[in-house]
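The primary structure of each chain is shown beneath.
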Amino acid sequence: MDKKLITTWTVKDVCEGFTFDKNEGKGLFGLNGKLIVQPEYQRNYIYDKGGKDVEVIKSLLKGYPLGLIYFVKNADGMYEVLDGQQRITSFARFVNSTYPFAVSDENDNPRYFDSLNSEEQEKILKTELTIYVCEGTSQEIQEWFEKINIVGEKLTAQELRNAAYHGSFVNLARKIFSNSSNSNMNKWLTYIKGDPKRQEVLERALDWVSDGKIEDYMSIHRNDDNVDEIKNHFDSVMDWISSVFDYTGKEVRGREWGKFYNLYHKNPYDKSYVTKRVNELLADKNVRDNNGIFEYILSGENRPQLLDVRLFEDSIKTAKYAMQTQEAKEKGCSNCPICASSNNSNKTRIWKIEEMDADHVTAWSKGGATDISNCEMLCRQHNQAKGNR
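Notes on the structure in this doc start here. Remember, predicted model here, so these are calculated numbers, not experimental data. (Residues numbered from 1 in each chain as written. Predicted model: local features only at pLDDT ≥ 70, side-chain atom pairs only at ≥ 80, totals over all residues. Heavy atoms only, no water.)

1. Notes on the packing of aromatic side chains
Part 1 of the argument: Under the criterion given, the structure shown has 19 aromatic pairs.
Part 2 of the argument: Consider the rings of Tyr 70 and Tyr 132, whose centres lie 6.0 Å apart with planes at 15 degrees: the pair is stacked. Taken as a pair, Tyr 70 in strand 5 (residues 69–73) and Tyr 132 in strand 9 (residues 131–135) lie far apart in primary sequence, 62 residues in all.
Part 3 of the argument: Judged by its relative accessible area of 13%, Tyr 70 is buried.
Part 4 of the argument: Put simply, the rings of Tyr 191, Phe 245, Tyr 247, Trp 257, Phe 260, Tyr 264 and Phe 294 touch in pairs and so form one group of aromatic residues.
Part 5 of the argument: Lying over the aromatic face of Trp 351, Arg 349 brings its terminal NZ or CZ to 3.8 Å of the ring centre. (Phe/Tyr/Trp six-rings, centres within 6.5 Å; stacked < 30°, edge-to-face > 60°. Helix = DSSP H or I, 4+ residues; strand = E, 2+ residues; numbered from the N terminus. Buried < 20%, exposed > 50% of the residue type's maximum accessible area, 1.4 Å probe, protein only. Lys NZ or Arg CZ within 6 Å of the ring centre and 35° of its normal.)

Structure (structure tokens):
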């Protein structure tokens, strides 16, 4: 791969002809139309979140270097930004007043480019950039892209996949799942945890349709001219969630909905009952993991371990053990009620507390409380045999 170092291009040069697409949230062109600021394989613009765009301008005003920027030169003579599009989009937005933002002075007064004095404007515009221009095969460019992005704003796993498998499929999928202006995005983010600009909604859609084999799926479909399969599957999962659950609180966000759909979508559910149970379990002080409520209900309410149900406290177990043991000695039988009612050799055995477990007389899943009135101590063999009865 050939590389050429250019240090004569300035901020002003790169800002010439800069355009920004608010709908897609990215810079498009610069350098008088010769530079593609954000190729399709690149991440979305994210420096407008968290104030990093402001820090870029402050660095320019202080004369600090912006670091190395990498361009790719294509066969048609056009340049693409390989690394540096966040910085370029930030200073070009500021200089051109495109999708404008302000920096604050020492008195916290907002200052846009037009309100800077002429010396400050010139300082920004005349800043020379350090740019490596490289030419090579697609594979060489992709490998270099991954290597140079190990520093700075770390790429997400899906951003790296987009670079490795860039093509018509990724371009089309990103228009749907990486577009924060999509009218469906608020609904989707009720159930999906992540930032669409960081490709995390797209990652979930791919994970669901591929059953976790994202790389294989992207490789197979790389050059597809439609994304009907992934969109239809994603819509099916979303519609199924809404058909089963009314609850949209924070606990539903980030659950493994793709897995749940595969396991349970063929099962019938009474939505009014589901709503009632969700509310009951959310209010149950014995449930310590509200995130597990949804799979617990979907799976038939037979796996209380999903809820991390509160166990009997040591003080309750100690008190109940003492009560049962005293009564057992007075009756001449075992302090495990099930052993006491048997005819085997343990009928009169007094178990040590460390040989016994606390059990719900009425199972928690059947409405039994986790308090001393619903507690009994059983030998471990019988407690394990009792299960959820």
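2. Focus on the packing of helix 7 (residues 168–177) against helix 9 (residues 200–210)
Part 1 of the argument: At a minimum axis distance of 9 Å, the contact between helix 7 and helix 9 shows a crossing angle of 115 degrees. Overall, the two elements helix 7 and helix 9 adopt an arrangement that is roughly perpendicular. The handedness of the crossing between helix 7 and helix 9 comes out as right-handed. Contact residues: Phe 169, Ala 173, Arg 174 and Phe 177 in helix 7; Val 201, Leu 202, Ala 205 and Leu 206 in helix 9.
Part 2 of the argument: Within the contact of helix 7 with helix 9, the residues separate by chemical class into 7 nonpolar, no polar and 1 charged. (Axes fitted to C-alpha atoms, helices over the stretch in contact; angles between N-to-C directions. Parallel < 35°, antiparallel > 145°, perpendicular 65-115°, else oblique. Left-handed = near helix turned anticlockwise from the far one by under 90°. Contact = heavy atoms within 4.5 Å. Nonpolar A, V, L, I, M, F, W, Y, C, P; charged D, E, K, R; others polar.)

3. Re the environment of Asp 314
Part 1 of the argument: Residue placement: Asp 314 occurs in helix 15 (residues 314–331).
Part 2 of the argument: The exposure class assigned to Asp 314 is exposed, which follows from its relative accessible area of 56%.
Part 3 of the argument: The spacing of Asp 314 and Ala 358 is 44 residues in sequence and 9.3 Å in space, taken between C-alpha atoms.

4. Some points on the pattern of salt bridges
Two side chains that carry opposite charge are able to pair once their charged atoms sit near each other.
Part 1 of the argument: Scanning the model with the defined rule gives 22 salt bridges in all.
Part 2 of the argument: Arg 198 is the salt-bridge partner of Glu 159, the closest N and O atoms lying 2.9 Å from each other. Of this pair, Glu 159 sits in helix 6 (residues 157–164) while Arg 198 sits in the loop between helix 8 (185–191) and helix 9; the two residues are 39 residues apart in sequence, bridging distant segments of the chain.
Part 3 of the argument: With relative accessibility at 1%, the residue Glu 159 sits in the buried group.
Part 4 of the argument: Glu 295 is the partner of Arg 303 in a salt bridge, and the nearest nitrogen-oxygen pair spans 3.4 Å.
Part 5 of the argument: Exposure remark for Glu 295: the relative accessible area of 9% places this residue in the buried category.
Part 6 of the argument: The network of salt bridges with shared partners includes Arg 161, Glu 203, Arg 204, Asp 207 and Glu 215. (Salt bridge = Lys/Arg side-chain N within 4 Å of Asp/Glu carboxyl O.)

5. Looking at the side chain of Asp 83
Part 1 of the argument: Here Asp 83 lies in strand 6 (residues 79–83).
Part 2 of the argument: Taking relative accessible area as the criterion, Asp 83 reaches 15% and is therefore assigned buried.

6. Overview of the environment of Arg 198
Part 1 of the argument: With relative accessibility at 12%, the residue Arg 198 sits in the buried group.
Part 2 of the argument: C-alpha of Arg 198 to C-alpha of Ser 59: the two residues are 139 residues apart in sequence and 25 Å apart in space.

7. Things to note about a negative patch on the surface
Part 1 of the argument: A surface patch of negative charge is lined by Asp 2, Glu 135, Glu 140 and Glu 143.
Part 2 of the argument: Accessibility expressed as a relative area gives 55% for Asp 2, which makes it exposed. (Patch = residues over 30% accessible without salt bridge, like charges linked within 9 Å, V, L, I, M, F, W, Y side chains within 5 Å. Areas by Shrake-Rupley, 256 points an atom, 1.4 Å probe, with all protein chains shown as cover. Lys, Arg positive; Asp, Glu negative; His and termini not counted. Charge placed at Lys NZ, Arg CZ, Asp CG, Glu CD.)

8. Regarding the side chain of Ser 210
Part 1 of the argument: For Ser 210, the location among the structural elements is in helix 9.
Part 2 of the argument: The exposure class of Ser 210 is buried, given its relative accessible area of 10%.
Part 3 of the argument: Here Lys 213 takes part through its backbone nitrogen, which lies 3.1 Å from a polar atom of the side chain of Ser 210. (Polar contact = N/O pair within 3.5 Å; in protein donor to acceptor, adjacent residues only side chain to side chain.)

9. Thoughts on the nonpolar core
Part 1 of the argument: Counting 45 residues, the largest nonpolar core has Phe 177, Ile 230, Phe 234, Trp 240 and Trp 257 as its most contacted members.
Part 2 of the argument: Residue assignment for this core shows that the elements contributing at least two residues are helix 7, helix 8, helix 9, helix 10 (214–221), helix 11 (228–244), helix 12 (257–264), helix 13 (271–283) and helix 14 (293–298).
Part 3 of the argument: Here this core takes 7 residues from helix 11, the largest share from any one element.
Part 4 of the argument: Apart from residues no more than four positions distant in its own chain, Phe 234 is found in contact with Phe 177, Trp 188, Ile 192, Val 201, Ala 205 and Trp 208.
Part 5 of the argument: Residues Phe 18, Ile 88, Leu 116 and Ile 124 belong to the second largest nonpolar core, which totals 36 residues. (Core = buried A, V, L, I, M, F, W, Y, C linked by side-chain atoms within 4.5 Å.)

10. So, the packing of helix 9 against helix 11
Part 1 of the argument: Contact pair helix 9 / helix 11: the axes reach a minimum separation of 9 Å and the direction vectors enclose 90 degrees. In terms of axis orientation, helix 9 runs roughly perpendicular to helix 11. Along its contact with helix 9, which presents Val 201, Leu 202, Ala 205, Leu 206, Trp 208 and Val 209, the element helix 11 presents Glu 229, Ile 230, His 233, Phe 234, Val 237 and Met 238.
Part 2 of the argument: Looking at the contact of helix 9 with helix 11, its residues break down into 10 nonpolar, 1 polar and 1 charged.

11. A few points about helix 12
Part 1 of the argument: Of all the residues in helix 12, the buried ones are Trp 257, Gly 258, Phe 260, Tyr 261 and Tyr 264. Looking straight down helix 12, one finds that the buried residues subtend no more than 165 degrees of arc, so they occupy a single side.
Part 2 of the argument: Those residues of helix 12 hidden inside the fold are in contact with helix 8, helix 9, helix 11 and helix 14. (Arc of directions from axis to C-beta.)

12. A word on unusual backbone geometry
Part 1 of the argument: One non-glycine residue, Asp 108, lies in the positive phi region at around 65 degrees.
Part 2 of the argument: Here Asp 108 shows up in the loop between strand 7 (103–104) and strand 8 (110–111).
Part 3 of the argument: Asp 108 sits in the exposed class, given a relative accessible area of 62%.
Part 4 of the argument: Here the phi dihedral of Glu 301 falls at roughly 60 degrees; this positive angle occurs in a residue that is not glycine.
Part 5 of the argument: Its location among the elements puts Glu 301 in the loop between helix 14 and helix 15.

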